[in-house]
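# Per-entry structural report
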Amino acid sequence: MLTTERTVLQFTPTPSSTSLSAKVHPLVIFNICDCYVRRSDQAERVIGTLLGSILPDGTVDICNSYAVPHNESSGQVALDIDYHHNMLLSHQKVNPKEVIVGWYSTGLGVTGGSALIHDFYSREVPSPIHLTVDTGFRNGDTAIKAYVSVNLSLGENQLAAQFQEIPLDLRMVEAERVGFDILKTTTVDKLPNDLEGMETSMQRLLVLIDDIYKYVDDVVEGRALPDNDIGRYLAEAVSSLPILSPQVFDKLVNDNLQDNLLLLYLSSITRTQLSLAEKLNTAAQIL
Amino acid sequence: MANPAPTRSFLQVASTEEVAPPLRVVQIEGLVVLKIIKHCKEFSPALVTGQLLGLDVGSILEVTNCFPFPIREEDEEIEADGANYQLEMMRCLREVNVDNNTVGWYQSTLLGCFQTVELIETFMNYQENIRRCVCIIYDPSRSNQGVLALKALKLSDSFMELYRNNNFVGEKLREKNFSWMDIFEEIPIKVSNSALISAFMTGLEAETPVSQCDFDRLQLSANPFLERNVEFLIECMDDLALEQQKFQFHYRNLSRQQAQQQAWLQKRRSDNMARKTAGEEPLPEEDPSNPIFKPIPEPSRLDSFLITNQIANYCNQINGVAGQSFSRLYLMKALHEK
């Protein structure tokens, strides 16, 4: 009975924030970096809104962002709220499925002004995510972090807000699709075409196969310690090949090759036809 | 603006009419590449467009940012809304120091069938306002095969001149020695990233030596893609045949008209001979009011040129994919023998 009377110091986590995680698309990182590079002279950091959606499993999918101009002086932060709303409207015209999921700021960790801005975003969306991108790389390798805020209250009185770090998924399948070779370096003179891309892929595959050969040989000769997991993966990979008799396999490959050859032949014939037709067309006009 | 000397004042630079060097390279930021891909992929298979922002530096066109357009609807009110959206977006982006100088637009395409009259019209519209403009084409259907299908195009100058004067008749084309290959010019693309992004991406790159891209490339089945390509190719061929029929029809009409003219002339001459012997004034040998002397307009060759361009494009794609399949099949064979 007494406990109900007692005021307790407690965290009141916002609903569903307990097992929250976030996924960041590479575009967001690119956008933030670009905004940071283009920030105005006096600004030390850039702040912006994160857009995205909440996946069925509760993960927050951050897939777009835009910068919001702000003024910061001696503990005061003034955000251009009109700008924020205009930009939001514009973005939603293009893709109505993207909603506000939080906000980002450059710099290391959470700073004093962050709580104020976080408050503002809490009014826009329940439990916003705060993403920080350390453009100075002061903290070694983990430059990108995500937080949610948890309120610390004493009874009815709110005392403070605590920022809790949440797991962030930085695997970038889209970036891999485009190719890290293009996104990683500062200048790429030429986009790889069909065959060049194929060549690099094959080279990588070759290196992998060589590695495995070496590993298996080492294990067989007793030079390296066998690892059951690797063995299982290898067995799986080998057994995933369908068992075909050489004749059947040869037939399959040859059929496919012939199909492709036929197509090539067809397309060359079409081209020849086109150039021939052009010659005839221009010649036929001399009536 | 080849290389304006720093001592010249802005007015001087502005007043001197300089001959622009030809556009050699389109330099795209990685950010723009990702934005275009995101927009085009999200709405695939619907076709979408957006605006490119950037700077025009000598023979390089830098594309530093872009923004998507909402899907267009055939309604005037909404169209006005679209214009507002564009202005609003430009204003907002300027506030965060993004280059707000339009350099062209991007659009998605399905299997590369982008050579349409609409594209040419849009291009001409843009060209009226900005001297140098480019169209970036992205094909989401090809990205599943590990290819970054980005293309930068512009219309060639000779084509624009012809198009403005609406000179798509055989004689003019022959005069200019203009063929279907000269409509579009593909400009090489360069991708650039800021050092900051480069640092982040190096840090974020996965440790595994294989990436999704490699996986996509080594996928054995390219047949659905090829099939659709061939299907489109056949459709185009039919269209082209239709165009050819139009021309045949035109030539047949032309020769029939000439025959009629000859017959009429012969008749008139014999009449005149008769009149001469009778001592009367000869009738004129030309009669503009006669319908057989009205010239028959020649159908425009633009459509058949565009179709030809598309066919060539499909052929290229088939060649590319078939080439890839060859390497895959031989790889497969080699692996199997081991």
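Everything that follows concerns the structure shown earlier in this document.
A short tour of the structure in this document, coming up. (Residues numbered from 1 in each chain as written. Chains lettered and ligands numbered in written order. Predicted model: local features only at pLDDT ≥ 70, side-chain atom pairs only at ≥ 80, totals over all residues. Heavy atoms only, no water.)

Chain B puts 101 residues into the contact, and the matching count from chain A is 85 residues. In this assembly, chain B packs against chain A so that about 8300 Å² is buried in total across both faces, 67% of it on carbon and sulfur atoms. Counting every contact that joins chain B to chain A gives 2 salt bridges. Where B:Asp99 meets A:Arg38, a salt bridge forms, and the shortest distance between an N and an O atom there is 3.5 Å. Summed over the shared surface of chain B and chain A, the result is 7 residue pairs in polar contact (both at pLDDT 80 or more). Residue contributions to the side of chain B that touches chain A peak at 23 residues, all from helix α11 (residues 302-337) of chain B. Class assignment of the residues belonging to the side of chain B that touches chain A gives a composition of 53 nonpolar, 26 polar and 22 charged. Of the strand pairs in this sheet, strand β12 (residues 187-188) of chain A and strand β8 (residues 189-192) of chain B are connected by 2 bridges, and their pairing is antiparallel. Residue pairing in the sheet places A:Val188 in a bridge with B:Val191 of β8(B). (Contact = heavy atoms within 4.5 Å. Buried area = accessible area lost by both parts, 1.4 Å probe. Salt bridge = Lys/Arg side-chain N within 4 Å of Asp/Glu carboxyl O. Polar contact = N/O pair within 3.5 Å; in protein donor to acceptor, adjacent residues only side chain to side chain. Helix = DSSP H or I, 4+ residues; strand = E, 2+ residues; numbered from the N terminus. Nonpolar A, V, L, I, M, F, W, Y, C, P; charged D, E, K, R; others polar. Pairing = 2+ DSSP bridges.)

All right, on to empty space enclosed by the protein then. Across all of its chains, the model carries 4 cavities of 30 Å³ or more by this definition. Approximately 310 Å³ is the volume attributed to the largest cavity. Along the walls of the largest cavity sit 28 residues, with A:Asn64, A:Ser65, A:His91, B:Lys35 and B:Pro68 positioned nearest its centre. Of all the secondary structure elements, the ones that give two or more residues to the lining of the largest cavity are α2 (26-37), β4 (60-68) and α3 (81-94) of chain A together with α2 (30-43), β3 (60-68) and α3 (76-95) of chain B. (1 Å grid on protein atoms, 1.4 Å probe; cavity = no way out; pocket = protein on both sides within 12 Å on 5 of 7 lines; lining within 4 Å. Points joined across faces, edges and corners; volume = space filled by probe spheres on them.)

Our focus in this paragraph is the sheet that holds β12(A). Think of a sheet as strands paired side by side through backbone hydrogen bonds, with each pair either parallel or antiparallel. Judged by pairing direction, the sheet is mixed, and its 9 strands sit side by side in the order β12(A)-β8(B)-β1(B)-β3(B)-β2(B)-β4(B)-β5(B)-β6(B)-β7(B) without closing on themselves. The open sheet is flanked by β12 of chain A together with β7 (184-187) of chain B, the only strands paired with a single partner. Pairing analysis gives 5 bridges linking strand β2 (residues 49-57) of chain B to strand β4 (residues 102-108) of chain B, with the strands arranged antiparallel. Bridge pairing in β4(B) places B:Gly50 opposite B:Tyr106.

Among the nonpolar cores identified, the biggest contains 116 residues, and A:Leu131 and B:Leu52 are the most heavily contacted of them. If you look at the next biggest cluster of nonpolar residues, it comprises 16 residues, including B:Leu111, B:Ile307, B:Ile311 and B:Ile318. (Core = buried A, V, L, I, M, F, W, Y, C linked by side-chain atoms within 4.5 Å. Buried < 20%, exposed > 50% of the residue type's maximum accessible area, 1.4 Å probe, protein only.)

Side chains three or four residues apart in an α-helix point the same way, a direct result of the helix having 3.6 residues per turn. All names here are of chain B. The end-to-end C-alpha distance of α2 is 20 Å, a good match for the 20 Å that 14 residues give at a rise of 1.5 Å each. Counting buried positions along α2 yields 12 of 14 residues, so the element is predominantly enclosed. Looking at α2, one finds that the buried residues are Gly30, Leu31, Val32, Val33, Leu34, Lys35, Ile36, Ile37, Lys38, His39, Cys40 and Phe43. (Expected span 1.5 Å × (residues − 1).)

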